[in-house]
Amino acid sequence: MKVATWNVNSVRTRLEQLLGWLSTHQPDVLCLQELKCTDEQFPALELSGLGYHATVFGQRSYNGVAILSKEKPEQVVRNMADGDEQARLVAARVSGVHVVGLYAPNGQEVDSEAYRYKLEWYRRLTRFLPTRFAPTERAVVCGDFNVAPTDLDVWDPRLFHGQTLFTAPERAAFEELKVACGLVDAVRLKRAEAGLFSWWDYRMSGFKKNRGLRIDHLLVTAPVAQSLQDAGVDKQAREGKQPSDHAPVWIEFG
DNA sequence: ATGGCCAATTTTATTGGA
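(A) Quick look at helix H1 (residues 15-25). Along H1, the residues classified as buried are Leu18, Trp21 and Leu22. All buried residues of H1 fall inside an arc of 95 degrees around its axis, so they share one side. Exposed residues lying more than 90 degrees from the buried face of H1 are Glu16, Ser23 and Thr24. Next to the buried residues of H1 lie strand S2 (29-33) and helix H8 (236-239).

(B) Fine view of the protein's contact with DNA strand B. Residues in close proximity to DNA strand B total 24 residues, the closest being Ser10, Ser61, Tyr202, Arg203 and Met204. Among the residues making up the surface near DNA strand B, the classes are represented as eight nonpolar, 10 polar and six charged.

(C) Region of the structure containing the sheet that holds strand S6 (residues 89-94). Taking strand neighbours across the sheet as the criterion, the six strands line up as S5-S6-S7-S8-S12-S9 in an open arrangement whose pairing is mixed. Only two strands of the sheet have a single neighbouring strand rather than two, namely strand S5 (74-78) and strand S9 (184-185). As defined by bridge partners, S5 adjoins S6 across three bridges and the pair is classed as antiparallel. Paired with Arg78 across the bridge in S6 is Val90.

(D) Main features of the environment of Ser61. One can find Ser61 in the loop between strand S3 (53-57) and strand S4 (65-69). The exposure class assigned to Ser61 is exposed, which follows from the 8 C-beta atoms found within 10 Å. Sequence separation between Ser61 and Thr38 is 23 residues; the distance between their C-alpha atoms is 7.9 Å.

Scoring rules and cut-offs
Residues numbered from 1 in each chain as written. Chains lettered and ligands numbered in written order. Predicted model: local features only at pLDDT ≥ 70, side-chain atom pairs only at ≥ 80, totals over all residues. Buried ≥ 20, exposed ≤ 12 C-beta atoms within 10 Å, placed from the backbone. Helix = DSSP H or I, 4+ residues; strand = E, 2+ residues; numbered from the N terminus. Arc of directions from axis to C-beta. Contact = placed C-beta atoms within 7 Å. Near = placed C-beta within 6 Å. Nonpolar A, V, L, I, M, F, W, Y, C, P; charged D, E, K, R; others polar. Pairing = 2+ DSSP bridges.

Okay, structure coming up:
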């Protein structure tokens, strides 16, 4: 089973690239973030033409997440049922695997309202996930976590010291999430090298110089980790015409 | 000096992204 996650930075602007990527890579599941459109604006027809169900949780202008799946999704949930107005999480069960697609808050500036919202969102997520699955079940929690977990995941750790996405509280929240929910970072089980990123700044030739961050992750429970076959980042998708600033990240297991 | 961001909306600036 192949599961991927991709922050597309507007699904309508990126539709051609998305359809091309799906045709080439044929994932069983693709979680999308930053749709930047409403449910009505989502290109469900085009995706169904490629054989994908679309479980959409859209929002006007910003945010918005979706799960694309070849098999029909079951047990669909949107957000964490606690009154959050931002569309940042969608969950479903696909072919017996629990899938959670999420777009964590960015946090903007340290100690801002957005930063506090981000940390609180992580605490809520840590409480929510155990209501969806047990660590003994097959589960994939993936998306744009907006956290670079270790020094290996930023192109210049000294430069990013104390910056949003890389502060100690954010990294601690990410670690606590993994421990509390029985999850491991699947990509790091297969790719231990430095310089492996999933996002590059549009500015200052960030991609060309490989000045990036690894902030898009696939966290998996032990049954998935034990059957993990391969994992990686598709940098090719970041090279083409009018790319998202994020590349797709994927795993294969089972 | 060998570079310059992008998308949506509030649209000819502003906001958010990371």
